[in-house]
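# Residue-level structure breakdown
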Amino acid sequence: MSALLEIEGLRTHFFTRAGVVKAVDDVSLRLERGRILGLVGESGSGKSMTGYSIMGLVDEPGRIVSGRIEVAGTDLATLDEPAWRRLRGNRVSMIFQDPMMTLNPVLRIDTQMVEAVRAHNNVSRREALDRCRAQLSRVGIASPDERLRAYPHQFSGGMRQRVAIAIALVNHPDLVIADEPTTALDVTIQGQILFEMQKLCRESGTGLIWITHDLSVVAGLADDVCVMYAGRIVESGTVDEVLDHPMHPYTRGLLDSIPGRNVPGRPLSQIPGMAPSPQDLDQGCAFRVRCPRAREDCRVAPATTRPTSQRTLRCGHPLP
Amino acid sequence: MITSSLPLVELRSVSKRFSRPAGVAARIAHRLGASAPQGTVHAVEAVDLRVDQSEVVGLVGESGCGKSTLGRMVARILEPTSGERLWKGRPYEEYEHEAARSERLAIQMIFQDPYASLNPRMRVADIVGEAPVVHGLVSRAQRDEYVADTLGRVGLDPSIMRRFPHQFSGGQRSRIGIARALAVRPRFLVCDEAVAALDVSIQAQVLNLFIRLREELGLAYLFISHDLGVIRHVSDAVVVMYLGRVVESAPVAELYAHPNHPYTKALILEVPDVAARRRRYTPIRGEIPSPLAPPTGCHFHPRCPRAFERCRQEAPALREVAPGHASACHLNDS
Ligand SMILES: Nc1ncnc2c1ncn2[C@@H]1O[C@H](COP(=O)(O)OP(=O)(O)OP(=O)(O)O)[C@@H](O)[C@H]1O
Ligand SMILES: Nc1ncnc2c1ncn2[C@@H]1O[C@H](COP(=O)(O)OP(=O)(O)OP(=O)(O)O)[C@@H](O)[C@H]1O
Ligand code: SF4
Ligand code: SF4
Ligand SMILES: [Mg+2]
Ligand SMILES: [Mg+2]
């Protein structure tokens, strides 16, 4: 059987007046049913754009310039607009980093949620409302009846995030792309959401891409992890392999920056320097200006290697 | 110079209620004698807070418990329903006149939702550089250089200055918001989930910047975050809220070593760790209480593993349980 999601050589570029921004540059990944893939990496490295590319939501002046995206064996490039609409919000859904991309500020929550249900299911308004209410409770929203009648601005930041999660899950999609969905949630509510996510994957075989900078969530939730830097996946593998034995210097730097591994009040260990601006990327390894292991030959882009059967790496001088 | 014993910011019994404009039916019912209008949210209830110069007070609590509302009242974006706010010992109202503009500028807020707080039609150079020019902190001729410098401090390449907000990633936008707040050289910063959208390396860079500004310029912070690792790293003292009320406050080391309130204990017990793999996450036990219909007595009782009869009837008061350490729980009475 084909994988739930398979991406091969995806390139999504923005053609701006200042130059070409290679937001996603040769990304390949694979996700099986019921599995959870953590996608981490530098701010601006192309994580959200990878998600938008799968959802067919890349806007001008951006464009998928090459690559293939297959969902359950269907090449997305072959779909027409009605087929896209059936796919989005039903079989594939995305929880956006900014919940206001999901929510319309001038419509009440009930209007928006019921619409999301009825667009893909032939059910009465009453039944749709029942589903919405149940879904809101699952993401920890109390008094769902009254909250359904409210407008987005009457919610706190984390409550808006949870409403967006509820909408994304209400039709039990096969594939969910969750983009930083719990950035404003305290650990107890986050635990509730992660519990629901695990349950969905286990019971319905939903595949999940979890984009986050929170490495402890990746550690606790995901099976596999991909680390992105400047539009590329620089390292991937099982969570245990990558987090316990990072081979790419950027992954190592990330792990060292976690506040819990530093002395309170003292400066945190940080990766020196700045990510190169994406229109300035040349052929070499994009990390080399910041990399403690960089050598002369890093001016030529390192090829993707497979240190073990489940692992990929883009680095000429990896950590031992 | 102000006397050092005076807090920079002080809140005295500050509350905020939002009442939803009730629907027509409810309004008629109300006129016909039904009780209070429906849907009043007690977002913040009688909160006292004090932040000294150079101090970092961490604010944690459940999603929807009133942290942003409190932060917005401190940053004078929102008016409290009742209570008093003091800046350097004098009521906020005394700073309304024109001559006190620089004092008003001294409090800045970094918003939880960076996108909604950035004008989509303005370029980054204007978003960050406008206020400093208007308020005479830099000349118009020096503006771009000043903006470039500020952007560099939060890890953004100055070449992006001519771009609009929608052309950025989430974490880049959030750093534009941070740069904007820093650009007017505040004395006090309300950081509302300011580093939540940043990968840990850039987060480290921004936190290091905050720590440095505090050491060099005496900047003080109200630091709202759900990340207990970050809170522990930057704060001197921590305030824990639950459903509109402060339930515990203590110096940072004391709070992590001896959490007193059952909600705080639940938080600290669950601090996530990269070493924990394939966790079995658990749903919240008990009912999640709603700010629209807060439970009687202690707001935490529907979820509290140690709740007893009195908790359902009587709200516990905040009481000192150790020097500088206050908690609101009936268990401390026995
Ligand atoms: N409209 C646009 N025009 C030009 N560049 C853009 C545009 N939209 C996004 N980009 C660039 O594309 C790159 C990838 O953005 P993306 O949103 O995927 O990052 P990300 O990995 O999700 O980061 P974050 O963790 O900060 O959300 C960024 O460098 C961003 O500046
Ligand atoms: N403009 C408003 N109108 C009505 N209710 C509001 C408004 N703003 C906030 N609330 C309500 O006040 C309560 C507290 O919201 P607040 O945004 O302060 O929470 P928070 O602690 O910042 O939560 P989060 O961590 O999720 O951001 C919530 O129940 C929210 O629904
Ligand atoms: S390829 Fe070279 S510069 Fe790039 S990460 Fe590896 S050692 Fe560092
Ligand atoms: S007062 Fe009662 S319900 Fe509230 S935290 Fe203490 S024990 Fe739990
Ligand atoms: Mg993003
Ligand atoms: Mg908030």
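Look up: the structure comes first, before these words.
Residues numbered from 1 in each chain as written. Chains lettered and ligands numbered in written order. Predicted model: local features only at pLDDT ≥ 70, side-chain atom pairs only at ≥ 80, totals over all residues. Heavy atoms only, no water.

### Comments concerning the overall build of chain A
Looking only at helices and strands, one finds 10 helices and 11 strands in chain A. Seen through its principal axes, chain A has C-alpha atoms that stretch 65 × 50 × 40 Å. Looking at the 320 residues of chain A, the share that counts as buried comes to 58%. Only carbon and sulfur atoms are counted for the fraction: they give 49% of the accessible area of chain A, which is about 13,000 Å². (Helix = DSSP H or I, 4+ residues; strand = E, 2+ residues; numbered from the N terminus. Buried < 20%, exposed > 50% of the residue type's maximum accessible area, 1.4 Å probe, protein only. Areas by Shrake-Rupley, 256 points an atom, 1.4 Å probe, with all protein chains shown as cover.)

### Observations regarding the packing of helix α5 (residues 124–134) of chain B against helix α7 (residues 170–183) of chain B
Residue and element names in this part refer to chain B. At a minimum axis distance of 8 Å, the contact between α5 and α7 shows a crossing angle of 15°. It follows that α5 is roughly parallel to α7 by the angle criterion. Handedness of the α5/α7 crossing: right-handed. Taking contact as the criterion, the partners of Val124, Ile127, Val128 and Pro132 in α5 are, on α7, Ile176, Ala179, Arg180 and Ala183. By residue class, the composition of the contact of α5 with α7 is seven nonpolar, no polar and one charged. (Axes fitted to C-alpha atoms, helices over the stretch in contact; angles between N-to-C directions. Parallel < 35°, antiparallel > 145°, perpendicular 65-115°, else oblique. Left-handed = near helix turned anticlockwise from the far one by under 90°. Contact = heavy atoms within 4.5 Å. Nonpolar A, V, L, I, M, F, W, Y, C, P; charged D, E, K, R; others polar.)

### Topic: the pattern of salt bridges
Evaluation of the coordinates by the stated rule reveals 38 salt bridges over all chains. The salt bridge partner of Asp25 of chain A is Arg232 of chain A, with a shortest N-O separation of 3.2 Å. Taken as a pair, Asp25 of chain A in strand β2 (residues 19–31) and Arg232 of chain A in strand β10 (residues 232–238) lie far apart in primary sequence, 207 residues in all. Taken as a pair, Asp25 of chain A and Arg232 of chain A share a single burial class, namely buried. Among the ionic pairs, Arg30 of chain A bridges to Glu32 of chain A, the shortest N-O distance being 3.0 Å. According to the relative accessible area criterion, Arg30 of chain A is partly exposed, its value standing at 45%. When salt bridges with common partners are traced through the structure, they connect Asp240 and Asp244 of chain A together with Arg277 and Arg278 of chain B into a single cluster. (Salt bridge = Lys/Arg side-chain N within 4 Å of Asp/Glu carboxyl O.)

### Quick word on the sheet that holds strand β1 (residues 5–16) of chain A
All names here are of chain A. The strand order across the open sheet formed by four strands is β2-β1-β4-β5, and the pairing between neighbours is antiparallel. Each edge of the open sheet carries a strand with a single partner, namely β2 and β5 (74–75). Alignment of β1 against β2, held across nine bridges, turns out to be antiparallel. Residue pairing for β2: Thr12 is matched across the bridge by Val24. Across the sheet, helix α1 (residues 47–55) touches β1, β2 and β4 (62–71), and the angle it forms with β1 is around 110°. (Pairing = 2+ DSSP bridges.)

### Let's talk about the site of ligand 3
By nearness alone, 13 residues border ligand 3, and Cys285, Cys291, Cys298, Cys315 and Gly316 of chain A come closest of all. For the shell around ligand 3, the per-class residue count stands at eight nonpolar, three polar and two charged. (Near = heavy atom within 4 Å.)

### Structural notes on the coordination of the magnesium ion (ligand 6)
All names here are of chain B. At this site the magnesium ion (ligand 6) is bound by Ser68 (OG) and Gln112 (OE1), with donor distances of 1.9 to 2.2 Å. Highlighted residues: Ser68 in helix α2 (residues 67–74) and Gln112 in the loop between β6 (107–110) and α4 (114–117), separated in sequence by 44 residues. In this structure Gln112 comes out as partly exposed when scored by relative accessible area, which is 22%. (Donors = N, O, S within 2.8 Å, 3.2 Å for Na, K, Ca; no water.)

### Focus: the interface of chain A and chain B
Facing the 66 residues of chain A at the interface are 64 residues of chain B. Across the chain A/chain B interface, buried area totals approximately 5,400 Å², and carbon plus sulfur atoms make up 53% of it. Sorting the residues of chain A by area buried against chain B places Ser43, Val187 and His213 of chain A first, and these three jointly supply 11% of that buried surface. One can count three salt bridges joining chain A with chain B. Note that Asp244 of chain A is salt-bridged to Arg277 of chain B, the shortest N-O span being 2.9 Å. Counting across the chain A and chain B interface gives 26 residue pairs in polar contact (both at pLDDT 80 or more). (Buried area = accessible area lost by both parts, 1.4 Å probe. Polar contact = N/O pair within 3.5 Å; in protein donor to acceptor, adjacent residues only side chain to side chain.)

### Observations regarding a nonpolar patch on the surface
A surface patch of nonpolar side chains, amounting to about 200 Å² of accessible area, comprises Phe15, Val20 and Val65 of chain A. Along the polypeptide, Phe15 of chain A turns up in strand β1. (Patch = residues over 30% accessible without salt bridge, like charges linked within 9 Å, V, L, I, M, F, W, Y side chains within 5 Å.)

### Thoughts on the side chain of Arg173 of chain B
Its location among the elements puts Arg173 of chain B in helix α7. Beyond its immediate chain neighbours, meaning those up to four positions away, Arg173 of chain B contacts Pro114, Tyr115, Leu118, Pro165, His166 and Phe168 of chain B.

### With respect to the coordination of the magnesium ion (ligand 5)
Perfect tetrahedral coordination of a metal by four donors corresponds to 109.5 degrees between them, and perfect octahedral coordination by six donors corresponds to 90 or 180 degrees. Residues and elements named next belong to chain A. Taken together, the protein ligands of the magnesium ion (ligand 5) are Ser48 (OG) and Gln97 (OE1), with distances of 2.0 to 2.3 Å. With a gap of 49 residues between them, Ser48 in helix α1 and Gln97 in the loop between β6 (92–95) and α3 (109–118) connect regions that are remote in the sequence. The residues Ser48 and Gln97 share a single accessibility class, namely buried.

### As for helix α11 (residues 262–269) of chain B
Listed in full, the buried residues belonging to α11 of chain B are Pro262, Tyr263, Thr264, Leu267 and Ile268 of chain B. Tucked inside the fold, the buried residues of α11 of chain B contact α7 (187–204) of chain A together with β3 (56–61), α9 (228–234), β9 (237–242), β10 (245–251) and α10 (252–257) of chain B.

### With respect to the sheet that holds strand β2 (residues 40–51) of chain B
Residue and element names in this part refer to chain B. Reading across the sheet, the four strands line up as β2-β1-β4-β5 and stay open at both edges, with antiparallel pairing between neighbours. Where the open sheet ends on each side, the last strands, each with one partner, are β2 and β5 (90–91). As judged from the five bridges shared by strand β1 (residues 9–19) and strand β4 (residues 82–87), these two strands associate in the antiparallel manner. Residue pairing across strands places Arg12 opposite Glu84, the latter belonging to β4. Against the sheet, α2 touches β1, β2 and β4, its axis set at about 120° to β1.

### Considering the nonpolar core
The nonpolar side chains of a soluble globular protein tend to be buried with one another. Counting 68 residues, the largest nonpolar core has Met113, Val163, Met197, Leu208, Trp210 and Leu215 of chain A as the members making the most contacts within it. Filtering out sequence-adjacent residues up to four positions away, Leu208 of chain A remains in contact with Leu31, Arg35, Ile36, Leu37, Val176, Ala178, Met197 and Cys201 of chain A. Counting residues in each nonpolar core, the second largest holds 62 residues, with Tyr146, Ala148, Met161 and Ile268 of chain B among its members. (Core = buried A, V, L, I, M, F, W, Y, C linked by side-chain atoms within 4.5 Å.)

### Quick look at the site of ligand 4
In the vicinity of ligand 4, the contacting residues are His261, Pro262, Cys298, His301, Cys304, Arg306, Ala307, Cys311, Pro316, Cys329, His330 and Leu331 of chain B. Taken together, the residues that form the shell around ligand 4 break down as eight nonpolar, three polar and one charged.

### Points about the packing of aromatic side chains
The full count for this structure, using the stated rule, is 10 aromatic pairs over all chains. Ring plane angle 55° and centroid distance 4.9 Å describe the contact between Tyr242 of chain B and Tyr263 of chain B, whose orientation is recorded as tilted. Of this pair, Tyr242 of chain B sits in strand β9 while Tyr263 of chain B sits in helix α11, and the two are 21 residues apart along the sequence. On the accessibility criterion, Tyr242 of chain B (1% relative accessible area) is buried. Look at Tyr242 of chain B and Phe300 of chain B: their rings are 5.0 Å apart centre to centre, the planes differ by 80°, and that puts the pair in the edge-to-face class. Of the two residues, Tyr242 of chain B sits in strand β9 while Phe300 of chain B sits in the loop between α11 and α12 (309–313), which places them 58 residues apart along the sequence. Note on accessibility: Tyr242 of chain B and Phe300 of chain B belong to one class, buried. Through a chain of ring-to-ring contacts, three or more aromatic side chains come together here, namely Tyr229, Tyr250 and Phe287 of chain A. Here Arg163 of chain B stacks its cationic end above the ring of Phe168 of chain B, 4.9 Å away from the centre of that ring. (Phe/Tyr/Trp six-rings, centres within 6.5 Å; stacked < 30°, edge-to-face > 60°. Lys NZ or Arg CZ within 6 Å of the ring centre and 35° of its normal.)

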